[in-house]
Each structure stands twice: as C-alpha cells, then as structure tokens.
Amino acid sequence: MTKKRTNKYKKHIKQSPGSIVYTGENPTEKLFINTFDYSPEFVTEVELNSVEEAYNFKDSESITWININGLNHIQDIEKIGNHYNLHPLIIADIANTSQRPKIDVYDDYIFVVLKMLYYDENEVIKIEQISLVLGRNYVLTFQEVEGDVFDNIRERLRIANGRIRTLGADYLLYALIDAIVDHYFIVTETMGNKIEDLEEILFNGHIQDDLSLQVLNLKKEVLKIRRAIFPIREIISRIEKNQHDLINENTIQYYRDIYDHVVQLSDSVDIYREMVWSLMDMYMTTISNKMNEVMKVLTIMASIFIPLTFIAGIYGMNFDNIPELHYKYSYFILWGVMIIIFLGMLYYFKRKKWL
Amino acid sequence: MTKKRTNKYKKHIKQSPGSIVYTGENPTEKLFINTFDYSPEFVTEVELNSVEEAYNFKDSESITWININGLNHIQDIEKIGNHYNLHPLIIADIANTSQRPKIDVYDDYIFVVLKMLYYDENEVIKIEQISLVLGRNYVLTFQEVEGDVFDNIRERLRIANGRIRTLGADYLLYALIDAIVDHYFIVTETMGNKIEDLEEILFNGHIQDDLSLQVLNLKKEVLKIRRAIFPIREIISRIEKNQHDLINENTIQYYRDIYDHVVQLSDSVDIYREMVWSLMDMYMTTISNKMNEVMKVLTIMASIFIPLTFIAGIYGMNFDNIPELHYKYSYFILWGVMIIIFLGMLYYFKRKKWL
Amino acid sequence: MTKKRTNKYKKHIKQSPGSIVYTGENPTEKLFINTFDYSPEFVTEVELNSVEEAYNFKDSESITWININGLNHIQDIEKIGNHYNLHPLIIADIANTSQRPKIDVYDDYIFVVLKMLYYDENEVIKIEQISLVLGRNYVLTFQEVEGDVFDNIRERLRIANGRIRTLGADYLLYALIDAIVDHYFIVTETMGNKIEDLEEILFNGHIQDDLSLQVLNLKKEVLKIRRAIFPIREIISRIEKNQHDLINENTIQYYRDIYDHVVQLSDSVDIYREMVWSLMDMYMTTISNKMNEVMKVLTIMASIFIPLTFIAGIYGMNFDNIPELHYKYSYFILWGVMIIIFLGMLYYFKRKKWL
Amino acid sequence: MTKKRTNKYKKHIKQSPGSIVYTGENPTEKLFINTFDYSPEFVTEVELNSVEEAYNFKDSESITWININGLNHIQDIEKIGNHYNLHPLIIADIANTSQRPKIDVYDDYIFVVLKMLYYDENEVIKIEQISLVLGRNYVLTFQEVEGDVFDNIRERLRIANGRIRTLGADYLLYALIDAIVDHYFIVTETMGNKIEDLEEILFNGHIQDDLSLQVLNLKKEVLKIRRAIFPIREIISRIEKNQHDLINENTIQYYRDIYDHVVQLSDSVDIYREMVWSLMDMYMTTISNKMNEVMKVLTIMASIFIPLTFIAGIYGMNFDNIPELHYKYSYFILWGVMIIIFLGMLYYFKRKKWL
Amino acid sequence: MTKKRTNKYKKHIKQSPGSIVYTGENPTEKLFINTFDYSPEFVTEVELNSVEEAYNFKDSESITWININGLNHIQDIEKIGNHYNLHPLIIADIANTSQRPKIDVYDDYIFVVLKMLYYDENEVIKIEQISLVLGRNYVLTFQEVEGDVFDNIRERLRIANGRIRTLGADYLLYALIDAIVDHYFIVTETMGNKIEDLEEILFNGHIQDDLSLQVLNLKKEVLKIRRAIFPIREIISRIEKNQHDLINENTIQYYRDIYDHVVQLSDSVDIYREMVWSLMDMYMTTISNKMNEVMKVLTIMASIFIPLTFIAGIYGMNFDNIPELHYKYSYFILWGVMIIIFLGMLYYFKRKKWL
C-alpha cells in the first residue's frame, strides 16, 4: 500500500496545477446521482441516469438537493461542475479526496469540504470526504461511495409537513452538516470506549504484546479525528461572519448550534488525547510492576536457598578432621539450623511486604 | 454503561436537528417547580403543581426566580420555554445535559449554561448541568435533579432586609452563578487533598496495584473540572462587554468579582494538573527504587554465598591427592578464610552504601 | 491542615457574596497601624491606636502612607475602608488572603493586590498577601502580620533630602511595589540554589529516599512563585495604559522599570521550571544507572563462580570410575584450569568495560 | 564537516554586513543560465552563455523565465541582480543558502525564498534553496545546482495551447511554487513510510542497536521539513493581502490553493511529529518488555534448580549418622520428591502466566 | 559562587529604586574609552583618558562612536550619561548587567541592551551585556570588559571608501547589532556540535557517569541562548514600527535583515532545544539497553550452569544405593548428557537472538 500511495502523488505532480485527478482509493463502477426537488407543496425524489438530467434544477424556483456518488467519474463531475459555474480549482478539490476540511466562499456559491468519519466492522476508523456546494435554491453533494449519514434527512424531506420543507437551501446545508457533525459524537464515543477498554486491560495487568501498537493506533485515530473536526470551527465562523446572501439571517442561529457541538467535540477529543498519551505511561508502569514481581520471586528463592546450599556444601567437604561430622545428632541439629534460617528469611521478606 | 451511551447518541441523531431530547441519566419521577417572587417589600415562596402556574410571573413587576428540576419532563420544559419566548434551540440545549458551559445573548433574555460540580459519597466527581435564563424581572433555572448549591441564597431571600431583595434580577443571576463558582472551591480543594494523599502514599513507598488507575482517574477529574471552569471566563467577559440592557451597570462589578474567582480557580486547576501529571513520574521512580532495593538484596546474598559455596565445593572433591584435606587444622583455617571473605564482602557493600 | 482548609471554604460559602471574611491563617492579637505623613519639608511617623485617628489624612495636602497589619480585625478594616470610600468588594478582597495578584482601577483610587514571598527558616516558601490602595495624596497598605520588605523605604522617608519625599503618592506606590518585586529576586535566587543543590546530589549519585518528594515540592514552589509573579506584568501594563489621573506621567517610566524586572523574573522562573522538570528525568536515569551497577556486580560474581562451582561439583561425584581422580597432580591441574577460567572471565568483563 | 561549518560562519562574519557570500556546499563548475521567453503565440527556449545575454528580457513585452544554476558564481549573480535592480541585501540573500523561507515585497519586484526538499538515494533528506524573483513580465529563479522539480512546467510551456502560455508572469511564479509544494507531498509521504517501517520493527520487537539514533534522525528530519514548510503559509498570506500590482486578482485564487496545500502539509508534518515522538516511548516499552522476558527465564531456571541443588547438597554431606542414606530406596524416593518439586514449580509459573 | 549572588541581590535591594549599582562580576581596574569620529572625508580614532574628553562629540556634525569598557566605574558612567541626557533609569540599566535584552525609545535617543555570547576556552558559555545608545550623530556603547565582536567594524571604519563612512549613526548602530547577531551563529553552531558529539557518545553506548549532567548543562545553555536571542525580534520590530527620526528610512531595510537572521537563529535554537530534550530519552534507552545486555549474560550463565551443577550434585550424594555410580562408563555418559544439555541451552538462546 505504501508504494501505491507514493505512486499516486508522483502521478499527480506530473499534471498541470489545478488539473482534476481522483486521488481516492474507492472507485465506483458507475456514477450515482440522486435528487430531491422540493418546496413546501411537493417533493420529487429521482435517481438520474446522466449528469445532463441534473442541469435543469439550476434555475428552478423549487429547492433541489443533488447528491452525486462516485468521484472517479471525473468527466461527469467536471460537466456538472461547469454547468453550475464552479471554479476549476473547486472541481479539482472535489475529486482530490485528501483535502482538509475547508470553506471557499464565492459570489454565487459556497463550497464546503468535510470529512465523514465512521468505524468499520473491524473497528478501524474510516474517513470519507464529502464536498457540499450551496447555490441559490440548490445544494450539491459529492461523495466517494454510496452510503452516508443522511438517511434521516431524506425521511424528513419526504414528510409533507416537516420544517425542512418550508425552509431554504441554506437550511438544507445546515441539516446536512449537522448530520455529519452528529455522527462525530458516535465516533468519539466509540473511541472513548476503546480507551476505557485499554485502561481496564492495563489495570488488570494483562500485558499483551501488541499493546503499545494498540496505543499507537489510538493516538493516530485521535489525531485523525482532530484533523477532521478542528477546522470545522473556522468554517462555521466564516459562515457566521461573512453574511453571504445565500445564508438567511435566521439560519445563522442553527449554524451557531453546530459551532457549539464542534467545540464540545473538540474538548472531548482533547481529553481523549490526554488519556491516550497517559495510557503509554500507564503501560510502562505496568511493565515495571510486573518486572518487580519477577525479581521478587527470584530474590526470595535465591536468598533462601543459596545460604542453605552453602551450609550443605560445608559438610560435604572431605577434610580428615571435621569434628561435627562425628557427633550423633549433628545431622538433625543441622536440619534444625536450616529450618530456622529458612523461617527467618520468610519472616524477613514478610516484613518487607514482598510476600 | 458503555453500550447505553452509544445508544443514546444513536437515538439522538435519528431526530431532526434542534429537536428536544433529554440526554441525561437521572430522570425524575415528577417535575418540581419552585418560585420565589420578591420585592424589597415582600417575598412569596411557592411550590407549583403545574408549569401553567408559572406563566403569570413573566410580566409582573416583582422579581421572580423560577427553579425547575426534572429535565426529563420534556413537554413541560417546552411549554414554559415557549411561554417565555425561548428559541427552540435554547429549549433543546436545556434538555441536552452534555452541553459545554456557554452563554447565548438574545435581545430579551440571556441564556447561560453552567455545570455544578460536587464529589459524591464515594469521592467520585459528579457533574450536573444547570441552565439559567435571565429575563426582565425574572430568572429561570433548570436543573436535572433536586439538590443544589442555592440554599444560602434562598435563606437570604427570605430575610426582609437582605441586599439581594433590593436589587434586580441581574443581581439574582450573579448570586446564583457566584454560589456555583464558590462551590468549585470546595471541589478543587477536595481534589487537592486527594492529590496530596497520593503523594504521601507514593512518598511512603506503599505501592498499591491500582495506583496508576487512581492517578489516571485523577487526571480525568482534573480535565473534567477544567472543562467546567474554563469556559466561564469567556461567559463573564461577554456579560461585561455586551452592555446588555438586562445587566445593570453597577452589577457588572459583581460579575467581575466572579471573573477574578474563576481565574483563581483556573490557576489552581492548572497547578493540580501539573501535580497529577507529576504523580505518574513519581510513581515510576518509586517502582524503580523498589526494584533497586530488591536487586540489592539478591546481589548481596548471591555475592556473599556463591564464592563461599565454591570453596566448600573444592574441598568436597574426591581427588586422591588433595594435601590440605589431611592437615589437622585445615577445616578450622578454612572457616577462618570464609569468615574473612564474608566480612570483606559486607565491608565492600557497606562502603558502596548498599547496606 | 487539610481538613481545616476545607472547613474554611465551607464556612465562606455560607456567607452572602461580597461579605467580608478573613481567610488567612495568621490572626494577630491587635491591629497595628503605622503612618508616615510627609512633604518635602517635614515627615511625621506615628503609630496609631485606633483606626479613627487615620481618618484625617484623607484630605490633608501632605502625602500619607498608612500601613495596617492584622487582617483578622475585620471591623476596623471595614471602618477605614468605608471612610476612604472603598467599594465593599474591595474591602472583601483585602480580607480574603487567597486573592490572585490583580489591579482594580476606580475613579478616585487604584487598588492593587500583590504577594510578598519569602523563605522561612525551614526553607519553606511563605506567601503573604499585601493590598495597596493609591488615592489622592495617600497610600494605604494592608498586611496580614508585621514584618515586611519596606524598611528601606521607611529609612529613605526619614531622610530629609531623599527624592522620595519630593515626589507624590504615585511614586510612593511605585517604591512599595518595587521593594516587593526586588525581594522576588532573593526568592528566585534561593530557589535557583536549591535546584543546583539537588542537581549536585543527583550528579554525585547520593540517592535519598525523599528525593522525588523534594523535586515535587520544588515543582510546587516554582508554580507558586509563577502564580505570584506573572500577573504583575498585566498589573503594570494596565497602570501604564490607563493614564489615570492619580499616576503622574513622569512616574510611569518607573513603573516600566518594574515591568522590565518582572519580565526578567518571569524568564528566570520559566528556566527554573524547565530545570526542576528535568530533575525528575535526571533522577530516573540516576536510579537506572545505580541498578545497572548493582546488576553488573551480581552478573560478574555469578558468571565467575557458577561455572567454577560446577567443576568442583563434577569432581565431588561418587562414581566408581572417574579416572582423573586418581592422577597425582589432578587437583593442582584443576586449580590451574579454574584460575585460567577466572582470569578469562575477568578479562572478558574488563573488555566489556564492566569493571 | 562540523569544523568546516564553523569556519564558514567565522569567515562570513569577517565580511561587512550585506556582503555577498556563497554559504552553500555545492559549488558548480560553471554558471548555467536557461531562459524561456514566451507569449501565447511563441516560445523560445535558450541556454545562455553569459549573464549579459539575459539583460534584454527585462523590458521585452513577452514573458520570460530566467533560471540560473550555480550560486557560487557570485560576480555573475551580482551583475544580473544589479541589472534587474535587485537590492544588495536581496542579492546577498540569494547567495546565502541558509536563508529561512521568506518573502520580501518591493515596489517593482517580489522576492521569494523557498526550500526544495528531496530524499537522496541513501534516504537522507536534502534541502536546496531556491530564490524566485517576480518582476513585470519576468521571473528569475536562482538554484544552487542543476536538477529541479520544474520539468513538468517546462513541458507545459513548450505546448502551444497550454493555459500557462496565456497567463502572465504571476501565474508562472504560482506554477513554480506549486511545483515545489507538490514535491513536499512526496517527501512527507516517504517520511510517513519511514515512520511506519520503524513502528513495524518495534512492534515485531526486533531491537536494533541504532534504533534510538534512527528515531533521533527522524525527529531531525521532521523538524527540518517543518522549518521548510511552515513559513510558506505566511508567504502566501502576504501575497494575498498585499494586492501588489504584479499579482493579478484572478491568480490570487491559485495562490490560495497553494495555501490550502501547505496547511494540509503542515497538518501531516505535525502528525508525523507526534508519531516520531511516540516511537521513542514505544521503543522504551519494547526494551522493558524484552528485559521482562529475560528476567523470567532467569527466575524460572533459578527457582526450579536452586532448591533441587540444595537437596542434592544435603545428601552429599559426610555426617556419620544420616539415616536416610542407608535405606535401600532412598535414592529413588528422593528422585520422586525432586520430580514433584520440579512439576510443582512448573505449574506455579504456568499459573502465573510466565510460561 | 551561590552565596555571592545572594549577597549581590541583598545589597542591591538596600538601595533606593533606580540607584546605580554595578551587578556584574568582572570589575576592570581602569575605565577604557575609545572613540571613532568620522565623516566620509576623515576618521579619527582616539583612546581617551577621562570621560570629560568625550563631551564635545555630542554636538559635532561628524559621526562618533564612543565605546566605554568597565561598568564598575559608576561615577564615570553617570557623568557621561548625564552629559548625554540619559534618564537616570537608563544609567542604572547600563550598570546592572542582569538586564534582559530590551529597547527603550526616548525622544532624543534610543537605548538598546543586548547580550554578547561566546564560548570560553573551557567550552562554557559566557554572556556579556552590552548597552547601545543611538543619538543624533553619535552611538555610545557600554561594555563590561575589553574584547568584543566589533573589530571588523573598526577596520571598515578605518578604510577611506567604506560604505559605513558615508552613512549615518543609525547605520553604525545597525552594523554593531549585526556584528553581535552574526556572532550568535558561531555560538549556536558550537552548541549544535556539542549536541552532535553527545548523540554520538550515546549512540556508541559509552555511558559516562556525568552524561545526565552534561545534558542538563546543555539544556541550561539552550535556555540562556534563547533568553538572549528571542527578545531581539521584538527590539527590531519596535525599531521598524516606531519610525523614529533617528532611524533613516533606508536603513530600516538593514534592520529587517537582522530580523530575518534572528528568526533563523530562533528556529535553530528551538530545534536544538528539541534535540537536547531528546538526548535525555536517548540516554534512558541506552541505559536500559545496557541493562538488558547485562541481564542476558547473567541469565545465560545461570541457565546453563545451574542445571549442570544440580546433576553433579546428584551424583555427589552419599546414598548407599545409587546404582548408576557403579557402572563403568557412567561418568563418561554423564559428561555426554551434560554436553548435550549445554549445547541445547546454547541453541535455545541462539534462537532467541540473545547471543
């Protein structure tokens, strides 16, 4: 995989700057376009067969959400981008999935890049880039693959009397961002659980060989999440401050609510960060405690039996004249002495709290 | 518990954004509403049976403090919120107990979220969210469960000639925040004592198996307290700078006094933080010192008896021709040599300060 | 002591906010008031018997320094505070000795809280709070107990032609703050010496059992000093920027000089901080080096004598047929072999630089 | 090498300030000048023999890129610098290869210093300084040696209908900076791979002796890359904000794109930084785990055989009266006892999870 | 030395604030005054015998550099300071050698304090304070002792057609500061070499007992250099922004060049800082690696010979009935068994990569 990524960049830089290159690793077989066209009175949900069918919505009065999955279909992305007057650099950004979350404000549209985070079935964190374009009466969303966090919004759009139907495209953008940010809470919570699991393992002293690698991976996950979440604060701030015509003044309060959530998430992530960093220290003390225990066993065994063996060695000597050897009860007295030494040692280690 | 929290968020994100969901874990059986209606001349303290009874206070000239406990009674919260013209997002924030401390300034009311901190009987830190709304002539407070830090304020309200009775709702809000912040001092002090206790345990070298877990838990507590206290500085700053009609100019000095307290608390918390982080280092050195001690015992025992055992082994050999074996005093001379070696070793270790 | 502090806060929060409570731990038996009333022409130094005697100085044209020791005499503090028109919160701050250094600027006076630092005879750092009030033609100072760093200023006031006599109350305030700040240099220097002493102990490898506690205490001292010194920068900045009528433009240069000193002190404290934090690392490596040494002794002893003992064991066996036992010089040859093994081992460890 | 660098500085400071000294370590034999002169209609690519031939381009209407390799040819650099009105300090900066990335904005040109980064064949990071001067209709680039990251731009210039041919010198400057920044991605990626390789080595527990040195070198590389990349953010910011006549308003969007890339790179570098710092911790735990394993082997061997040897010693004693010696099956019973002790020990260590 | 410094401060605080006290430790026997008086047409270099001779230069049209060595001659310093209208606090700052680098801008002169850094012959870093005063047509420099970094400037002043002769006193000040800053490069480079030397020692595993002290001293040196270099950025910024009459607009570009150098130095110092901090970690892993090696030797020796000794012990027992003792080849078979065990152990440790 390492090699592949290197190649990706190498290929990329052969291109002219601003050229459109798909840099993700999940190409889809076919482009998937799905639209919601709605007003308070009606809602139409259509799956389109070609990008050209999405052209009409640009100037219609009803509000339209065009969701496009499959960033590897570069020509189609470019066609629709051009039709909606997106700057070539924007189109390049949509296809380049290694973007940092950011906002670009143009006169007639606002471009937002965000990251969708989720844990896959192996508890590995996955990051998918999503680009959102807010124009007059429409929102375009570009995703790498199918499957997203917007099902709840789709259902609310289908309901006749939902608030979302009565409000503009700026509220739709808010709802989409809010859905993404809400999903971060699940991710940070899963992360929190993983940290607590490791804490418990360390506390119980079950040292596994791959523990330091697990901690390292947690560190990386925390850093990835930080990287996805932190820039959003700036994005929302700029929406608030810009007073762009496309954002209704009443909707701004909703964006501010996202801001509060993101600050809260940032706080949590920072606390997780501290916790993960502490895990390594905790791991180190656990190892040292284990070693202490090992050393104690060795020291106790050696301290008790080495002197006794020495005494046995003494009376194994072959000197002609060792008077003790010839007394009748010498052997039994010696056993007594040895038992006393043995018990004395036990008592000594007991008092030292080593036993 | 871990599972439950995940479910909580999962349920939450199924909702439309801004929908009112109680996210706490302490539902109460019934809503508890308690009001103080007062002016310099009179004070009325009533426990209400329904939220509707709290409607009249909105436009009365006397100052009213309406305290509501039981955030799980969402419909009631919503009713009273609507009556007092609170923005739907504010009502949602009141019910969502995982808010960060914050202030939202609206034209006709100021909304403040704070955290009440206290140690429960198991010395585990508890965090309870409290939302305060300052309107013209009234303050609403929303708490999760009964029991708070305001008893002192209640008593002062009941006294006829208390200063608090002569001042406006802005002073009441100040008094409530001040009571919460004052309580933080007890919390930080308890924390300080816990840290000192651990220091003493480590100093005395009583290594307990769960020490690293205790330190980790202290770290978490410090981070939680920080998270509750630090945002208050910004809250007070915004009250000071905003020059809102609802805050009398003379009362601002009192808010500034809270600010000083919060800065002082922040300083303390940061010092505790440093101390807790140092505890882990101290723990590590304690373990290493212990191991050193263990190793010394082993080394002294082994170094003394291994050479002696070797000598005994020599004269246990069965060679036909070992002249020493046949001298009359060989055995006693050997004992002399052994005792000299023994004492020499002792002296050597004494000089190395290992004994 | 720990319990007592808890009680202190608990008692405090029972009070109404802004109520005057002495929170220090050094009550004095009687209030001590000492005044210097001076102009270029004269100086009068009087010890007053009651606070009422200090009332006249408020409107006199001569400059007066009223020094009050004994913050536990709350009624007296309150009386004089009221006479000099101090805001109730200011009077409460004077009595509350756990204030952070700060400045409060009012229209007709400036209130400054500072900390006097000194090491007591046990080399334990002591912190005493001092409150200074600069009014038109007078300076009030409030201290907890007798004994301060102002003797030098008193002597200069007594001298007829001293510059201090020709300048206003703002210069007196400067001189007082300067005396406090100058004293910090002694404190930081003592701290520096303590750190150097510990470094030397660690370098010489004299590991004492309480070393990690000593380092921890040093950490706390550094943090306490930081806490006392750092806020002063902001205090002086505010004096400079405020352009208050009470501060003469020419005196500001003198305050700027204090600022330079405080920045210099802050730098020193930050360096001490780094040094103290490093001490713990140094301590850890010292312990590990010691352990290495212990292990080497053990390993050398064991590696030399275990093989030799094995050989002796061989020829202690009682097999009927061990040819070597019967050769005449076997015993002496064996000694030769053992000595060669012994020397070979010594050489090996020498080459490994373990000896 | 160390000596040489010292000499370099020593020589340098003998000079008057602002004097032009080549401080690099890669002198080239001859100056290499290469020009691209182009307009939408034509492109001329010439290799010049002397700097004087580069004089004419200054006032021509076509756009010219003059690339000069060989900073040790100081007189030539000075001549061309003077002809293009560069400030003497700028010319000195061009020759001094230890510059930090920076921008200097003058009235009639913009001067940018950047660092080209690449890994050489030994995976050692190399840093080459490149100076870029944007004037009206021309861009000058000064490099230390031949070989750069601009081949792609050259090819695009040679193509008749490339966008780059239709745009001004400001776009050329953008394209050059973009090429440099794009190359950083390869560098950071290689660095990421190196970190992952080390992680894997540590995870597999293959402790090599030079591992801490490898980690240290990685730290240095991360710091060098940071130093090259971070200042670029400020450079681009200043281009954006300055609204210099030389930069067309439409081109600014392209510079903003570089800014996004640099922020992304900075993020990556910071994450690598954290990772490299963690490697040292991981290394430490790996060593400690290894030691634990060693200690366990020792403890198990010693704990099993020391007691058995003691028992053998007992029955090697020469007392006249040791009854057990004379029973017929004593020897075999003893073997039984020993085997039981042996198995008991094994079971004990098994239960402790040491085996 | 420690005592002496304490005394120094104690003495100091006995003085009135702003009193002039020499706080350095290098008093010179006599005051040394050296002047360069120059214009484009002439240069006069004189060594003065008394401070009074330096009075005339104040109002002459030619530019004068008056260099004064010997800060302990306080009266002379005061005389010349007064003649050149320096504020009493400035004169006190000149004599107080523990100043932080700083700038004080007055109406008719600019006062700059800097630190000259150099390594003495014992590779100990030395810091000497230098004060510079820029007035109209003159620059005063005050140094503690003879010997400085300005010889190069002196030579350039002596040359008839040097640029320095044609420019004003502001350029002279620049040249002096530039000479000081240029010298920092030598210091940081020496520091870099010292760090690399230690890295190499650690890499080769030559653990010396004073290594942690060496690292600690390096830390202190880094912090001292930081303290000398970092404030210069602010000094230059204030010169740039102040637009003081004494600084010609064209000269500002030169000051900006110093700024670039100082930023570059700051970057280097910060990298050294990281490196020195890493050295301690590296030291720790080196110690641990050593210990691992020691433990392995012990474990291998013990694991091989303890079982063998046990076997020898068995056949040294004196049971009447040990059948093996009486077979003819028992002894040789036993040797075979022992050699097999020995080789088996070697193979086991080989496979574990311990050999």
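Keep in mind it's a predicted model, so treat the numbers as computed, not measured. (Residues numbered from 1 in each chain as written. Chains lettered and ligands numbered in written order. Predicted model: local features only at pLDDT ≥ 70, side-chain atom pairs only at ≥ 80, totals over all residues. Heavy atoms only, no water.)

Another point: the overall build of chain A. Of the regular secondary structure elements, chain A holds nine helices and seven strands. For 355 residues, the compact-globule formula gives about 20 Å, and the C-alpha radius of gyration of chain A, at 34 Å, lies well above that figure. Structurally, chain A occupies a C-alpha span of about 120 × 45 × 35 Å along its principal axes. By the burial criterion, 61% of the 355 residues in chain A qualify as buried. Put simply, of all contacts in chain A between residues at least 6 apart along the chain, 68% involve residues at least 24 apart. Carbon together with sulfur atoms contributes 51% to the accessible area of chain A, which is approximately 14,600 Å² in total. (Helix = DSSP H or I, 4+ residues; strand = E, 2+ residues; numbered from the N terminus. Rg over C-alpha atoms; globule rule 2.2 N^0.38 Å. Buried < 20%, exposed > 50% of the residue type's maximum accessible area, 1.4 Å probe, protein only. Contact = heavy atoms within 4.5 Å. Areas by Shrake-Rupley, 256 points an atom, 1.4 Å probe, with all protein chains shown as cover.)

A word on the UniProt feature "transmembrane region" (unreviewed entry) in chain A. The UniProt record marks residues 297-317 and 329-349 of chain A with the feature "transmembrane region" (unreviewed entry), using the residue numbering of this structure. Between the end C-alpha atoms of residues 297-317 of chain A the distance is 31 Å, and the span holds 86% helix and 0% strand. (UniProt positions renumbered as here; feature names shortened; annotations may be inferred.)

All names here are of chain E. Axis separation between helix α6 (residues 169-203) and helix α7 (residues 211-242) bottoms out at 11 Å; the angle between their running directions is 155°. Considering the angle they form, α6 stands roughly antiparallel to α7. Judged by the sense of rotation from one axis to the other, the crossing of α6 with α7 is left-handed. Of α7, the residues touching α6 (which contributes Y184, V187, T188, M191, K194, I195, L198, I201 and L202) are L211, Q214, V215, L218, E221, V222, I225, A228, I229 and I232. Across the contact of α6 with α7, the residue classes break down as 15 nonpolar, two polar and two charged. (Axes fitted to C-alpha atoms, helices over the stretch in contact; angles between N-to-C directions. Parallel < 35°, antiparallel > 145°, perpendicular 65-115°, else oblique. Left-handed = near helix turned anticlockwise from the far one by under 90°. Nonpolar A, V, L, I, M, F, W, Y, C, P; charged D, E, K, R; others polar.)

For the coordinates displayed, the defined rule picks out 85 salt bridges over all chains. Note that A:K102 is salt-bridged to D:D260, the shortest N-O span being 2.5 Å. Here A:K102 is found in strand β4 (residues 102-105), whereas its partner D:D260 is found in helix α8 (residues 249-314) on a different chain. Among the residues examined, A:K102 registers a relative accessible area of 9% and is labelled buried. The residue B:D104 makes a salt bridge to B:K102 at a minimum N-O spacing of 3.1 Å. As far as the burial class goes, B:D104 and B:K102 line up, both buried. Look at the salt bridges and you will find they share partners, linking A:D93, A:K102, A:D104 and D:D260 into a network. (Salt bridge = Lys/Arg side-chain N within 4 Å of Asp/Glu carboxyl O.)

Another aspect to go through is the arrangement of the chains. For the non-touching pair chain A and chain C, the nearest C-alpha separation works out to 9 Å. When C-alpha atoms are compared, chain A and chain E, though not in contact, are closest at a spacing of 9 Å.

A few words on the sheet that holds strand β6 (residues 125-135) of chain E. All names here are of chain E. In spatial order, the strands read β2-β1-β3-β7-β6-β5-β4; together these seven strands make up an open sheet with mixed pairing. The open sheet has two free edges, formed respectively by β2 (43-48) and β4 (102-105), since each of these has just one partner strand. Pairwise comparison of adjacent strand axes, ignoring direction, gives a mean angle of 15° for this sheet. Note: strand β5 (residues 110-119) against β6, 10 bridges, orientation antiparallel. Considered in β6, the bridge of M116 is made with E128. (Pairing = 2+ DSSP bridges.)

Mapping chain A onto chain D calls for a screw motion: a turn of 72° about the axis and a shift of 0.1 Å along it, with 0.2 Å RMSD after fitting. The two molecules are tied by a five-fold rotation axis, judged by turn and shift. Of every C-alpha in chain A, the one belonging to A:G316 sits nearest the axis of rotation, 4.6 Å from it. Taken as a fraction of all interface residues of chain A, those also at the interface in chain D reach only 19%, which identifies the copy contact as different-surface. (Least-squares fit on C-alpha atoms with pLDDT ≥ 70 in both.)

Attention now goes to the interface of chain A and chain D. Each partner contributes residues to the interface: chain A has 64 residues there, and chain D has 63 residues. Buried area between chain A and chain D, both sides added, is near 5,900 Å², and the carbon and sulfur share of it is 63%. Here A:R100 and D:D267 are joined by a salt bridge, their closest N and O atoms 2.6 Å apart. Viewed at the interface, chain D and chain A are joined by 21 residue pairs in polar contact (both at pLDDT 80 or more). (Buried area = accessible area lost by both parts, 1.4 Å probe. Polar contact = N/O pair within 3.5 Å; in protein donor to acceptor, adjacent residues only side chain to side chain.)

So, about the interface of chain E and chain C. Between chain E and chain C, the contact holds 63 residues from the first and 63 residues from the second. Roughly 5,900 Å² of surface becomes buried between chain E and chain C when both sides are summed, with 63% attributable to carbon and sulfur atoms. Counting across the interface, chain E meets chain C through six salt bridges. For C:E274, the salt bridge is made with E:R273, and the minimal N-O distance between the two is 2.9 Å. Linking chain E with chain C are 21 residue pairs in polar contact (both at pLDDT 80 or more), by the criterion used here.

Further remarks concern the sheet that holds strand β1 (residues 32-38) of chain C. Residue and element names in this part refer to chain C. Taken in spatial order, the seven strands make up an open sheet running β2-β1-β3-β7-β6-β5-β4, and their pairing is mixed. Looking at the sheet topology across the chains shown, the edges are occupied by β2 (43-48) and β4 (102-105). Each neighbouring strand pair of the sheet contributes to a mean axis angle of 15°, computed without reference to strand direction. Judged from the six bridges that link them, β1 and β2 form a sheet pairing that is antiparallel. Looking at the pairing, Y38 lines up with V43 of β2.

To continue, consider the environment of A:T299. Among the secondary structure elements, A:T299 is positioned in helix α8 (residues 249-314). Between the C-alpha atom of A:T299 and that of A:I153, which follows or precedes it by 146 residues, the distance is 67 Å. With residues near it in sequence (within four places) discarded, A:T299 still touches A:F349, A:W354, B:V294, B:V297 and B:L298. Reaching out from A:T299, the side chain makes a polar contact with the backbone oxygen of A:M295 at a distance of 2.7 Å.

To continue, consider the environment of C:T64. Residue and element names in this part refer to chain C. Along the chain, T64 falls in strand β3 (residues 63-69). Overall, T64 belongs to the buried group, its relative accessible area being 0%. Beyond its immediate stretch of four places on either side in the chain, T64 contacts F36, D37, F57, N137, Y138 and V139.

Right, let's talk about the nonpolar core for a bit. With 363 residues, the main nonpolar core has A:I153, B:I153, C:I153, D:I153 and E:I153 as its most contacted residues. Apart from residues lying up to four places away in sequence, C:I153 is in contact with C:W65, C:I164, C:L172, C:A175, C:L176 and C:A179. (Core = buried A, V, L, I, M, F, W, Y, C linked by side-chain atoms within 4.5 Å.)

Here the focus is the packing of aromatic side chains. Taken as a whole, this structure holds 84 aromatic pairs over all chains when the rule is applied. Ring centres of C:F349 and C:W354 lie 5.4 Å apart, and the angle between their planes is 20°; on these two criteria the pair is classed as stacked. One exposure class covers both C:F349 and C:W354, and it is buried. If you follow A:R233 out to its NZ or CZ, it ends over the ring of A:F230, 4.7 Å from the centre. Here A:R273 stacks its cationic end above the ring of A:W277, 5.2 Å away from the centre of that ring. (Phe/Tyr/Trp six-rings, centres within 6.5 Å; stacked < 30°, edge-to-face > 60°. Lys NZ or Arg CZ within 6 Å of the ring centre and 35° of its normal.)

Turning next to the side chain of C:K194. All names here are of chain C. Tracing the backbone through its elements, the reader meets K194 in helix α6 (residues 169-203). Within the structure, the side chain of K194 is placed 3.0 Å from the backbone oxygen of E123, a separation counted as a polar contact. Ignoring anything within four residues of it in the chain, the contact list for K194 reads Y119, E123, L218 and E221.

With that settled, the discussion passes to the packing of α8(D) against helix α8 (residues 249-314) of chain E. Running from N to C, α8(D) and α8(E) cross one another at 20°; their axes reach a closest spacing of 8 Å. Considering their axes alone, α8(D) and α8(E) lie roughly parallel with respect to each other. In the crossing of α8(D) with α8(E), the sense of the turn from one axis to the other is left-handed. Taken together, the residues that form the contact of α8(D) with α8(E) break down as 26 nonpolar, nine polar and five charged.

With that out of the way, let us pick up the pairing of strand β5 (residues 110-119) of chain C. All names here are of chain C. Judged by how many residues are buried, β5 sits mostly within the fold: nine of 10 residues are covered. Where β4 meets β5, four bridges bridge the pair, whose relative direction is antiparallel. When the sheet's bridge partners are listed, V105 is paired in β5 with I110. Counting the residues between successive antiparallel strands, the hairpin from β4 to β5 contains four residues. Once β5 ends, the chain turns through five residues before running back antiparallel as strand β6 (residues 125-135), passing E123 with a positive phi of about 60°.

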